[in-house]
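Observations on the model geometry
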Amino acid sequence: MKRVNNEIFKKEFKKINNLLIIGIVFVILTSFCALLLLYENNRVPTDTKNLNEIIEGKLSIEELQKEATFLNDVIDKQKNAEGVNSYLVITKLYTAIATYKNTDKALYIVEDKDKYLYLVCLTKDEYTRISKIDLAKNPETIYGVTKKTENNVKSYAVNWYNSNVDAEDKIKLSEFNSYFGGVYLDNTTPLASTHNYTTAEEKANIKINKIYGRVESYSAGSKKLYAAANDDFYYIITLSDSEYENLSKKDLKKNPETIYGTTKKTNSSITNAAIKWYNKEFNKNITTSEYNNYFAQIYLDTTKDSIMMGVLAGIIFISSICTFTYLLLYFVRKLQTEKVLKNISDEELAKIEKDVDGKETFHYERAHLVLSKKYLISFVGKLLIVEYKDIVWIYEHRLKQHGITTTKSLMAMLKDGKTKALLQVDGITKKSTSIINEVAETIASKNEKILIGYTKENREKSKEIVKESK
């Protein structure tokens, strides 16, 4: 581009370069989101459980402990429910009040930070371990299953309590539940698996060594249902056409493939389709009542996080359009500007810049318009440098959407018959209207022969002036 010295020209040309910068930013954003989408699509999840464990209801000790209920809540809110996985944070451990014959187990009274008393069943080794801890400074969390407290145990506990308090504070056997609760925590019983194998929406994985065909014509969203198997069980999984084709080409017997997804509950349509497939595939005649013997009540949906994928895809789509738009605008504006400047001699350009440097110059920066003493220079779209004497007619043009004016433009017809947009502003604010009026008045003051306003008379008269000028 031809070099210019005028600061206003430099500032406006810099705005053209800003289009390139914005375009590059969108290129980077598009590339980043595309890489993120690719990563998300190929990422191997690390927080999944084996599908067989979910089906069989097997949870790790850590998972069971995480799901355990505070013992006091079992007593108060669950009304002394039995068989509940529970936990208790103890701050004090008392001696045993009862022992079990032929075992190393005994019932102990413990206390929590709120001074509530509870009964817990511990092994001798567990008691020894806990007794060595400074529970006042380091409370110990223990886990177990709630069990009903028998009457003879209640008597032992009441006797122990009464032997450690004054006469006026002693309690009756009927008051036992108010002081100890109706259940005790059996630490010697492993936490029970309360997991429901029909539970859906769990992230899971399964290693398969065989992929069968499609399960009838049933589809799940954008994917289709297929039957798969390992050495132990049959599974229903969702796959796209390309995913199924890729799996079917592999030797899964030698190299089993791990499939990742989210568990979904089967419905009657899936159940019937699976049974129909199984009977046809193996020439059997199983019924709906036998479904659980062959399949689980959940299937594995391999569809990725649709929200995340959708957001990324949306950003990529919008960002790609913005990239194309800004880069196109940059190259078009740059080429147009270079073409205009190329047709202006260095002497003429110097003359224009000198005029723009004058004190009478107005620079409407937001409107990308310069009004000097002799020239009108518009940077809206294609660069326009015109003397006021060459302007025939100016008028306001309004663009409406749904009856509302969204954009206002000041248009100019030149002596060569071409119509140019001198500036564009929003069509809502009063300030935009005042800018158009101010610019129109300034231009009119530079050339009294300019026709002002859009009328039929001005339209006809402008045609005559253009015709006479040619």
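Residues numbered from 1 in each chain as written. Predicted model: local features only at pLDDT ≥ 70, side-chain atom pairs only at ≥ 80, totals over all residues. Heavy atoms only, no water.

So, about the overall build of the protein chain. Looking only at helices and strands, the protein chain has 14 helices and 22 strands in total. Taking 470 residues into account, the globule formula puts the C-alpha radius of gyration at 23 Å, and the protein chain, at 41 Å, lies well above it. Overall, the C-alpha framework of the protein chain stretches about 125 × 75 × 45 Å when taken along its three principal axes. Put simply, the protein chain has 470 residues, and 40% of those count as buried. The long-range fraction of contacts in the protein chain, counting pairs at least 24 apart against all pairs at least 6 apart in sequence, stands at 61%. Accessible surface for the protein chain amounts to roughly 27,600 Å². Of this, 51% is attributable to carbon and sulfur atoms. Measuring between centres, the 70 positive side-chain charges of the protein chain sit 8 Å from its 61 negative side-chain charges. (Helix = DSSP H or I, 4+ residues; strand = E, 2+ residues; numbered from the N terminus. Rg over C-alpha atoms; globule rule 2.2 N^0.38 Å. Buried < 20%, exposed > 50% of the residue type's maximum accessible area, 1.4 Å probe, protein only. Contact = heavy atoms within 4.5 Å. Areas by Shrake-Rupley, 256 points an atom, 1.4 Å probe, with all protein chains shown as cover. Lys, Arg positive; Asp, Glu negative; His and termini not counted. Charge placed at Lys NZ, Arg CZ, Asp CG, Glu CD.)

Now for the sheet that holds strand β15 (residues 362-364). The strands that make up a sheet pair up through hydrogen bonds in the backbone, lying either parallel or antiparallel. An order of β15-β16-β17-β18 is seen for the 4 strands of this open sheet, with the pairing classed as antiparallel. Looking along the sheet, the strands with just one partner apiece sit at the ends: β15 and β18 (384-387). Averaged over neighbouring strand pairs, the angle between their axes works out to 10° when direction is ignored. Note: β15 against strand β16 (residues 369-371), 3 bridges, orientation antiparallel. Residue pairing for β16: His-363 is matched across the bridge by Val-370. Relative to the sheet, helix α1 (residues 7-42) contacts β15, β16, β17 (375-378) and β18, its axis offset from that of β15 by approximately 10°. (Pairing = 2+ DSSP bridges. Axes fitted to C-alpha atoms, helices over the stretch in contact; angles between N-to-C directions.)

Membership of the largest hydrophobic core comes to 21 residues, with the highest contact counts inside it found for Leu-376, Ile-391, Leu-422 and Ile-443. Of all the secondary structure elements, the ones that give two or more residues to this core are β16, β18, β19 (391-401), β20 (404-414), β21 (419-426) and α13 (430-446). In terms of residue count, α13 provides more of this core than any other element does, 4 residues in total. If sequence neighbours within four positions are ignored, Leu-376 has contacts with Leu-369, Val-370, Leu-371, Leu-384, Ile-385, Val-386, Tyr-388, Ile-391, Leu-422 and Ile-443. Grouped together as the second largest cluster of nonpolar side chains are 19 residues, Ile-8, Tyr-330, Leu-349 and Tyr-375 included. (Core = buried A, V, L, I, M, F, W, Y, C linked by side-chain atoms within 4.5 Å.)

With that settled, consider the sheet that holds strand β5 (residues 105-111). Strand order in the open sheet formed by 7 strands is β2-β3-β7-β8-β6-β5-β4, with mixed pairing between adjacent strands. The open sheet is flanked by β2 (69-70) and β4 (92-99), the only strands paired with a single partner. Judged from the 4 bridges that link them, strand β7 (residues 140-148) and strand β8 (residues 183-186) form a sheet pairing that is antiparallel. Bridging across to β8, Thr-146 finds its partner in Leu-185. Relative to strand β6 (residues 117-123), helix α5 (residues 124-131) is tilted by about 120°, and along the sheet it contacts β3 (85-90), β4, β5, β6 and β7. Where helix α6 (residues 151-162) meets the sheet, its contacts fall on β4, β5 and β6, and the angle it forms with β4 comes to roughly 135°.

A few words now on the pattern of salt bridges. If you walk through the whole model with that rule in mind, you get 17 salt bridges. One salt bridge in this structure joins Asp-114 and Lys-113, with 3.6 Å as the shortest N-O distance. Residue Lys-389 is joined to Asp-390 by a salt bridge in which the shortest nitrogen-to-oxygen separation is 3.5 Å. Take Lys-389: its relative accessible area is 48%, and that puts it in the partly exposed class. A relative accessible area of 24% means that Asp-390 is categorised as partly exposed. Bridged by salt links that share partners, the residues Glu-126, Arg-129 and Glu-140 form one connected network. (Salt bridge = Lys/Arg side-chain N within 4 Å of Asp/Glu carboxyl O.)

Here the focus is a nonpolar patch on the surface. Side chains of Leu-29, Ile-307, Val-311 and Ile-315 sit close together on the surface and give an oily, nonpolar patch of about 330 Å² of accessible area. At 3 residues, helix α11 (residues 306-342) tops the list of elements feeding residues into the nonpolar patch. Here Leu-29 lies in helix α1. (Patch = residues over 30% accessible without salt bridge, like charges linked within 9 Å, V, L, I, M, F, W, Y side chains within 5 Å.)

Another aspect to go through is the side chain of Asn-162. Note that Asn-162 resides in helix α6. Dropping the residues within four chain positions of it, Asn-162 is found in contact with Lys-170 and Ile-171.

Now for the layout of surface pockets. In this model, the second largest pocket occupies a volume close to 520 Å³. Among the elements of the structure, α11, α12 (346-356), β18 and β21 are those that each provide at least two residues to the lining of the second largest pocket. In the lining of the second largest pocket, the residues fall into 11 nonpolar, 1 polar and 9 charged. (1 Å grid on protein atoms, 1.4 Å probe; cavity = no way out; pocket = protein on both sides within 12 Å on 5 of 7 lines; lining within 4 Å. Points joined across faces, edges and corners; volume = space filled by probe spheres on them. Nonpolar A, V, L, I, M, F, W, Y, C, P; charged D, E, K, R; others polar.)

Right, let's talk about the packing of aromatic side chains for a bit. Applying the stated rule across the entire model yields 30 aromatic pairs. Considering the side-chain rings of Tyr-87 and Tyr-143, the 6.2 Å spacing of their centres and the 45° angle between planes classify their relative orientation as tilted. Residue Tyr-87 is found in strand β3, and its partner Tyr-143 is found in strand β7; the two are separated by 56 residues along the sequence. Among the residues examined, Tyr-87 registers a relative accessible area of 26% and is labelled partly exposed. Taking 6.2 Å as the distance between ring centres and 45° as the angle between the ring planes, the aromatic pair formed by Tyr-234 and Phe-295 counts as tilted. Here Tyr-234 is found in strand β12 (residues 234-239), whereas its partner Phe-295 is found in the loop between α10 (291-294) and β14 (298-301), with 61 residues between them in sequence. For Phe-295, a relative accessible area of 2% puts it in the buried group. Cluster of aromatic residues (ring-pair linked, three or more members): Tyr-212, Tyr-234, Trp-277, Tyr-278, Phe-282, Tyr-291, Tyr-294 and Phe-295. (Phe/Tyr/Trp six-rings, centres within 6.5 Å; stacked < 30°, edge-to-face > 60°.)

Moving on, we come to the environment of Asn-209. As for its placement among the helices and strands, Asn-209 is situated in the loop between β9 (203-208) and β10 (210-220). Overall, the relative accessible area of 12% leaves Asn-209 in the buried class. Excluding residues within four positions of it along the chain, Asn-209 makes contact with Ala-229, Asn-230, Asp-231, Leu-252, Lys-253 and Pro-256.

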